[in-house]
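Read off the chains here:
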Amino acid sequence: MDLREMISERLVYAPGVWDGLTARLAEQAGFPALCASGFAVSAALGYPDAELYTMSENLQAVRTIREASRLPVIADIDTGYGNAVNAARTARRFADAGVAAVFMEDQRSPKRCPLIPGAELELLDLAEATGKIRAVRDAAQETGMLVIARTDAKGDDALRRADAYVEAGADLIMPVTKTFTTVEEWRRCHEITGAPLMATLTASAWTEREFTPEVMEQIGVRIALLPTQVLMAVTGAAQECLNRLAAGEPPAQVGAGATPHHEFVELIGMPEIERQQHAYLPATETV
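Residue positions within a chain follow its written sequence, with the count starting from 1. Only residues with pLDDT of 70 or above have their local features reported here, since the model is predicted, and side-chain atom pairs are shown and tallied only from 80 upward, although totals for entire chains, interfaces and linings are computed over all residues. To get the side-chain values, all heavy atoms of the structure are used, and hydrogens and water are removed first.

### Structural notes on the overall build of the protein
- A helix here means a DSSP run of H or I that spans at least four residues, while a strand means a run of E at least two residues long, and both kinds are numbered starting from the N terminus. Each helix and strand counted, the protein has 14 helices and eight strands in total.
- Against the 2.2 N^0.38 benchmark of 19 Å for 287 residues, the protein shows a C-alpha radius of gyration of 21 Å, consistent with a compact globule.
- Its C-alpha atoms give the protein principal-axis dimensions of about 75 × 45 × 35 Å.
- A simple rule labels every residue: compare its accessible area, found with a 1.4 Å probe on the protein chains alone, to the largest value its type can have, and call it buried under 20%, exposed over 50%, or partly exposed in between. Considering the protein as a whole, with its 287 residues, one finds that 47% of them fall into the buried category.
- In what follows, a contact means two residues having at least one pair of non-hydrogen atoms within 4.5 Å. Counting only contacts in the protein whose residues sit at least 6 apart along the sequence, the fraction spanning at least 24 positions is 71%.
- Here the accessible surface of atoms and residues is derived via Shrake-Rupley with a 1.4 Å probe, and residues count as covered only by protein chains that are part of the display. Carbon and sulfur atoms make up 53% of the accessible area of the protein, which amounts to about 14500 Å² in all.
- Of the side chains in the protein, 26 bear a positive and 40 a negative charge, and the two mean positions are spaced by 4 Å. With C-alpha atoms as the basis for the radius of gyration, the globule rule is written as 2.2 Å multiplied by the number of residues raised to the power 0.38. The sign given to each residue is positive for Lys and Arg and negative for Asp and Glu; His and the chain ends receive no count. The atom standing in for a charge is NZ when the residue is Lys, CZ when it is Arg, CG when it is Asp and CD when it is Glu.

### Quick notes on the nonpolar core
- Residues belong to one nonpolar core when they are buried, are Ala, Val, Leu, Ile, Met, Phe, Trp, Tyr or Cys, and are joined through side-chain atoms within 4.5 Å. Core analysis: the largest hydrophobic core is formed by 64 residues, its most contacted members being Phe94, Trp186, Phe211 and Val221.
- Other than its neighbours up to four places away in sequence, Phe211 contacts Val183, Trp186, Ala199, Leu201, Trp206, Met216, Ile219 and Val221.
- Core analysis: the second largest hydrophobic core is formed by 18 residues, Cys35, Phe103, Leu146 and Ile148 among them.

### Some remarks on the pattern of salt bridges
- Just to be clear on terms, a salt bridge is a Lys or Arg side-chain nitrogen sitting within 4 Å of an Asp or Glu carboxyl oxygen. Overall, the coordinates contain 19 salt bridges when judged by the stated rule.
- Among the salt bridges present, the one from Arg187 reaches Glu184, with a minimum N-O distance of 3.0 Å. Of this pair, Arg187 and Glu184 both sit in helix α8 (residues 183-193), separated by three residues, roughly a single helical turn.
- Owing to a relative accessible area of 24%, Arg187 belongs among the partly exposed residues under this scheme.
- Glu184 sits in the partly exposed class, given a relative accessible area of 46%.
- Close ionic contact of Arg275 with Glu272 constitutes a salt bridge, the shortest N to O distance being 2.8 Å. Highlighted residues: Arg275 and Glu272, both in helix α14 (residues 270-280), separated by three residues, approximately one helical turn.
- Exposure remark for Arg275: the relative accessible area of 44% places this residue in the partly exposed category.

### As for the packing of helix α5 (residues 84-96) against helix α6 (residues 126-140)
- Between α5 and α6, whose axes approach to 8 Å, the crossing angle comes to 30°. Relative to α6, the element α5 lies roughly parallel. The hand of the α5/α6 crossing is right-handed. Counted together, Ala84, Ala87, Ala88, Ala91 and Arg92 of α5 and Gly131, Lys132, Ala135, Val136 and Ala139 of α6 form the full contact between these two elements.
- The residue classification treats Ala, Val, Leu, Ile, Met, Phe, Trp, Tyr, Cys and Pro as nonpolar and Asp, Glu, Lys and Arg as charged. All others, Gly included, are polar. By residue class, the composition of the contact of α5 with α6 is seven nonpolar, one polar and two charged. Only the stretch in contact is used when fitting a helix axis, every axis being a line fitted to C-alpha atoms; angles between N-to-C directions are given from 0 to 180 degrees. Small angles under 35 degrees read as roughly parallel and large ones over 145 as roughly antiparallel, with 65 to 115 read as roughly perpendicular and the rest as oblique. Left-handed describes a crossing whose near helix is turned anticlockwise from the far helix by less than a right angle; the clockwise case is right-handed.

### Some words on the side chain of Thr79
- With respect to the helices, strands and loops of the structure, Thr79 is situated in the loop between β3 (73-76) and α5.
- Of note is the side chain of Thr79, whose polar atom sits 3.4 Å from the backbone nitrogen of Tyr81. Contacts described as polar in this section are N or O atom pairs within 3.5 Å, which, within protein, must combine one atom able to donate a hydrogen with one able to accept it, while residues neighboring in sequence count only if both atoms come from side chains.

### What about the layout of surface pockets?
- Both site types are read off a 1 Å grid over the protein atoms alone. A 1.4 Å probe that fits but cannot get out defines a cavity, while an open set with protein on both sides within 12 Å along at least five of seven lines defines a pocket; lining residues have an atom within 4 Å of a point. Grid points are joined across faces, edges and corners, and a volume is the space filled by probe spheres set on the points. Roughly 450 Å³ of volume is contained in the largest pocket.
- The wall of the largest pocket is formed by 17 residues, among which Val234, Ala237, Ala238, Ala258 and Thr259 lie closest to the centre.
- Only α2 (20-29), α11 (229-246) and α13 (261-267) provide two or more residues apiece to the lining of the largest pocket.
- Considering every element that reaches the lining of the largest pocket, the biggest residue donor is α11, with seven residues.

### Describing the environment of Thr200
- Among the secondary structure elements, Thr200 is positioned in strand β7 (residues 197-200).
- Through-space distance from the C-alpha of Thr200 to that of Pro227 is 6.9 Å; in sequence the pair is 27 residues apart.
- Beyond its immediate chain neighbours, meaning those up to four positions away, Thr200 contacts Met174, Pro175, Thr177, Thr207, Leu225 and Pro227.

### What to know about the pairing of β3
- Here β3 shows two buried faces, one formed by Val73 and Ala75 and the other by Ile74 and Asp76.
- With three bridges joining them, strand β2 (residues 34-36) and β3 adopt parallel strand pairing. The residue of β3 that forms the bridge with Leu34 is Val73.
- Whether two strands pair comes down to DSSP finding at least two bridges between them. Pairing between β3 and strand β4 (residues 101-105): three bridges, direction parallel. Across the sheet, residue Ile74 finds its bridge partner in β4, namely Ala101.
- Seen with its strands pointing away from the viewer, a crossover is right-handed when the path leading from the first strand over the helix to the second is clockwise. In terms of handedness, the path from β3 via α5 over to β4 forms a crossover that is right-handed.

### Here's the deal with the environment of Ala23
- Within the secondary structure, Ala23 is located in helix α2.
- Its relative accessible area of 0% is what places Ala23 among the buried residues.
- Each C-alpha atom, one on Ala23 and one on Val73, is 9.6 Å from the other, the two residues being 50 residues apart in sequence.
- Contact partners of Ala23, with chain neighbours within four places excluded, come to Val17, Leu34, Ile65, Ala68 and Ser69.

Set out below in structure tokens:
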């Protein structure tokens, strides 16, 4: 079942992943879809979420995720990496990579992360923002890739923008966690636009706490992203492991509670590679 069919039937949760390993782990956990999180992709490159990486670097991460998993991928394309013409090219490249949906924000490039306290965000004017949505929609039309319009505006301005973005061809609207401050505002956005919503249940955000499946069903949310939970968990575990090793603890003691080696090589697909080696490689004689 493709992503469009999924969201017509049920609420879809998509965890944030950034490479082949996290994509495999999410699929094995039973999730129906993946989010190629820009926040996580940027962090994996050693950068904060400030659009410091290029479109090509993001695209390479998405291709790696797609190769590792059969699940539909929802890809973060930031601002589209330029104007409407640049955004259309970006959309075509991501569609060619096989992604199921892209989401693009209405900030001026380079973007600023809305999770940073006190960050002053510079938004595109409405005409330019809707032009970019139309360009991405036209580029995605032949492939069936979903176009998700993210807005970093707030309150009534966000409602006006959301309505205009749907008119321009967006399939879903994605308010960020700071766009609205109440569940009722989310409900109003859905009612005004008539479009399904995508929510980010960012770690420690109010949406993570209050957006239960029942609430999201009532306010029109069809996709719920979990963009940072896996990243924060992995970071915490890696920090603890490295700090203990650096402090001189015996490696065997530090690794006592970790995934056993034989389980790890199995979950990353070694049995299948061995099967292929036996099937296609010439047999070697042992002395």
